[in-house]
Amino acid sequence: MDKFLINGPCRIKGKVSISGSKNASLPILAASLLFTKPVTIKNLPRVRDINTMLNLLKSLGSKIILSKDRKTAKIINKKNMKTFASYSLVKTMRGSILVLGPLISKFHKSKTSLPGGCLIGARPVNYHLSALKKLGMQYKIRDGYILAKSNGRLQGKTIKFPKISVGATENSIIAACLAKGKTILRNCAVEPEIKDLTQFLNKAGANIKWSGRTCTIIGVNSLNQTTHTVMADRIEAGTFCVAATLAKGNLQIKNLEPKIINTELELLKKAGSKIKITNNKIFIKGPDKIKSIKNIKTKEFPGIPTDLQAQLMVLMCKSIGKSSITESIFENRFMHVAELQRLGAKINIKNNKAFIEGNTKFIGAELMSSDLRASVALVLAAIVANGKSVVGRVYHLERGYENIENKLKKIGVKIKRLK
Ligand code: UD1
């Protein structure tokens, strides 16, 4: 298993081009199952999770033509598609559950594996299942699989999600596109990735309208051939902005609409960063002394994303005072804490709140990645640690960060891959 050797502390400077969003690409690719005509998706990030989804689509019968740079996929579905999403593909990526909605909506049957456990929490799919059931899906769970069917087209309904869920919102929107009549979804997640999904579907002829957290979908008979360019990855952009703030950096971040990370930038300003925004670029200069921030709390969009929590914790370790971070989305998303403690961090966890002593001097150490965002946080910590750090299991990083090693090298991080 590959590891990264990082020799800190590094001063970071230069330009970073943000890749396409993984979390927008996944539902868009899943939604391609609704189409009988070809769909072209551009700006896909070259990361492992996208390969997993493309393999899943192939296993269902989609023909996928990838461009040379592997960022554009033309997807052509067969008339008779398979409807079996196997455990071997679904277990490696929870996002695979997003094929359930389109399979049931278009083909009226599916055998989709339950995604199973996950390090950051139980992550059940009950909201996905109960929303699809309201639209007419009948299902039972057997041997770890969701055996689902419907009597012909799904039927539009009004559904209120008991809790905001990104995936359940996406699955339900996708399924409702081809349902009969009107679906009203209340208490939806409104992450920019979901808006990207609905823009894509509307371009293809779907009828989806938003009003706050309510999404209204009027079912159509079929979708048209279309091309869509996936939005930029706001978590990747946020990660690099945290890196600049952390390492007295001077970065130009390009290729994204800066407003999608407004909340994050406001927070980093509070930490002392100087930020300038022009059209599609962010100029960010990290402070000499990072200010601590009391009571950071992760929230659904437009709040602070949980996917940036671990990176912000590294930042707060290096700030000049005490701070706290409350994780309000997932119940067990503090696995990075024990690893940061090995570098010298002083963090106490009480339930879902982390209390962080500032002024930490990180000393390089051997570290182990546990999930995608936790592992990038360890890389950030290694960048500002004194001496050599080795970050193990970098395949976690490769699930969601395109070309991270080269992007970091280009801005001055002394990083080397150990095979
Ligand atoms: C998506 C993102 C992930 C991000 C998360 C929260 C993708 C591929 N993944 O994950 O990167 O961290 O949003 O912004 O886009 N829940 C239930 N039952 C359900 C569904 C969710 O109890 O049926 C709970 C979850 O356990 C969690 C919370 O609701 O505590 C929010 O999860 P959700 O928004 O659904 O996250 P994902 O869509 O899995």
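It should be noted that the structure appears before, not after, this text.
Rules used in this analysis
Residues numbered from 1 in each chain as written. Predicted model: local features only at pLDDT ≥ 70, side-chain atom pairs only at ≥ 80, totals over all residues. Heavy atoms only, no water. Helix = DSSP H or I, 4+ residues; strand = E, 2+ residues; numbered from the N terminus. Rg over C-alpha atoms; globule rule 2.2 N^0.38 Å. Buried < 20%, exposed > 50% of the residue type's maximum accessible area, 1.4 Å probe, protein only. Contact = heavy atoms within 4.5 Å. Areas by Shrake-Rupley, 256 points an atom, 1.4 Å probe, with all protein chains shown as cover. Near = heavy atom within 4 Å. Polar contact = N/O pair within 3.5 Å; in protein donor to acceptor, adjacent residues only side chain to side chain. Nonpolar A, V, L, I, M, F, W, Y, C, P; charged D, E, K, R; others polar. Domains from an automatic or database assignment. Pairing = 2+ DSSP bridges. Axes fitted to C-alpha atoms, helices over the stretch in contact; angles between N-to-C directions. Salt bridge = Lys/Arg side-chain N within 4 Å of Asp/Glu carboxyl O. Patch = residues over 30% accessible without salt bridge, like charges linked within 9 Å, V, L, I, M, F, W, Y side chains within 5 Å. Lys, Arg positive; Asp, Glu negative; His and termini not counted. Charge placed at Lys NZ, Arg CZ, Asp CG, Glu CD. 1 Å grid on protein atoms, 1.4 Å probe; cavity = no way out; pocket = protein on both sides within 12 Å on 5 of 7 lines; lining within 4 Å. Points joined across faces, edges and corners; volume = space filled by probe spheres on them.

Points about the overall build of the protein
- Across its full length, the protein holds 14 helices and 24 strands.
- Taken over the C-alpha trace, the protein has a radius of gyration of 22 Å; the compact-globule value for 419 residues is 22 Å, and the two agree within 12%.
- Its C-alpha atoms put the protein at 60 × 45 × 40 Å along the principal axes.
- In the protein, buried positions account for 58% of the 419 residues.
- For the protein, long-range pairs separated by at least 24 residues make up 74% of all intrachain contacts whose partners lie at least 6 apart in sequence.
- Summed over all atoms, the accessible surface of the protein reaches about 17,400 Å², with 49% contributed by carbon and sulfur.

Some thoughts on the site of the ligand
- Around the ligand, the structure places 17 residues, and the nearest of them are N126, S165, V166, D307 and I329.
- Taking S165, its side chain carries an N or O atom lying 2.7 Å from an oxygen atom of the ligand.
- For the ligand, an oxygen atom lies 2.6 Å from a polar atom in the side chain of D307.
- Protein burial of the ligand: of its 740 Å² of free accessible surface, 87% is covered by the chains.
- For the shell around the ligand, the secondary-structure elements that each account for two or more residues are α1 (22–31), α5 (126–134) and α6 (166–176).
- Here the shell around the ligand gets three residues from one element, more than from any other, and that element is α5.
- A per-class count over the shell around the ligand returns seven nonpolar, six polar and four charged.
- Each of domain 1 (3–19 + 232–418) and domain 2 (22–229) contributes no fewer than three residues to the shell around the ligand.

A look at the sheet that holds strand β1 (residues 3–8)
- Read across the sheet, four strands follow the order β22-β23-β1-β24 without closing on themselves; strand pairing throughout is mixed. The strands lining the two open edges of the sheet, one partner per strand, are β22 (366–368) and β24 (415–418). Each neighbouring strand pair of the sheet contributes to a mean axis angle of 25°, computed without reference to strand direction.
- In this structure, β1 lies alongside strand β23 (residues 387–392), joined through five bridges in antiparallel fashion. Looking at the pairing, F4 lines up with V391 of β23.
- Along the sheet face, helix α11 (residues 335–343) touches β22 and β23 and points at about 175° away from the line of β22.

A look at the pairing of strand β12 (residues 207–211)
- Where β12 and strand β13 (residues 214–218) come together, five bridges link them in antiparallel fashion. Directly across from I208, in β13, lies its bridge partner I217.
- Connecting β12 to the antiparallel partner β13 that follows it, the hairpin turn spans two residues, and G212 within it adopts a positive phi of roughly 60°.

Section: the pattern of salt bridges
- One pass over the structure, following the stated rule, counts 18 salt bridges.
- In this structure, the salt-bridge partner of R399 is D49, at a minimum N-O distance of 2.8 Å. A residue pair is termed long-range when its members are at least 10 positions apart, and R399 in the loop between α13 (395–398) and α14 (404–410) and D49 in helix α2 (residues 48–60) qualify at 350 residues.
- For R399, a relative accessible area of 23% corresponds to the partly exposed category.
- On the basis of relative accessible area, D49 is assigned to the buried category, the value being 1%.
- Connected via shared salt-bridge partners are D2, R48, E398, E405, K409, R417 and K419.

Considering the pairing of strand β8 (residues 138–142)
- The sheet contact formed by β8 and strand β9 (residues 145–149) spans five bridges and is antiparallel. In the sheet register, K140 faces β9, and the bridge partner there is L147.
- Linkage of β8 to β9, two consecutive antiparallel strands, is achieved through a turn of two residues, within which D143 is found at a positive phi near 50°.

Re α6
- Counting buried residues along α6, ten of its eleven residues qualify, which places the element largely inside the surrounding structure.
- Those residues of α6 that fall on the buried side of the exposure criterion are G167, A168, T169, E170, N171, S172, I173, I174, A175 and A176.
- Measuring from the backbone nitrogen of A168 back to the side-chain oxygen at the start of α6 gives 3.0 Å, which picks out S165 as the cap.

Points about unusual backbone geometry
- Cis geometry marks the peptide bond from G8 to P9, where omega comes out at -5°.
- Here P9 lies in the loop between β1 and β2 (13–17).
- The step from F301 to P302 runs through a cis peptide bond, and the omega angle for that step is 10°.
- With respect to the secondary-structure elements, P302 resides in the loop between β18 (296–297) and α10 (309–317).
- At K248, a position not held by glycine, the phi torsion is positive, near 45°.
- Among the structural elements, K248 can be located in the loop between α8 (234–246) and β15 (250–254).

A word on the side chain of K22
- Along the chain, K22 falls in helix α1.
- Judged by its relative accessible area of 7%, K22 is buried.

Some details on a positive patch on the surface
- A grouping of R11, K248, K274, K285 and K291 is seen on the molecular surface, where their side chains present a positively charged patch.
- A residue is classified by how much of its surface remains accessible, and K248, at 37% relative accessible area, is partly exposed.

Quick look at the layout of surface pockets
- Considered as a void within the structure, the second largest pocket measures approximately 480 Å³ in volume.
- For the lining of the second largest pocket, the residue count by class is nine nonpolar, three polar and six charged.

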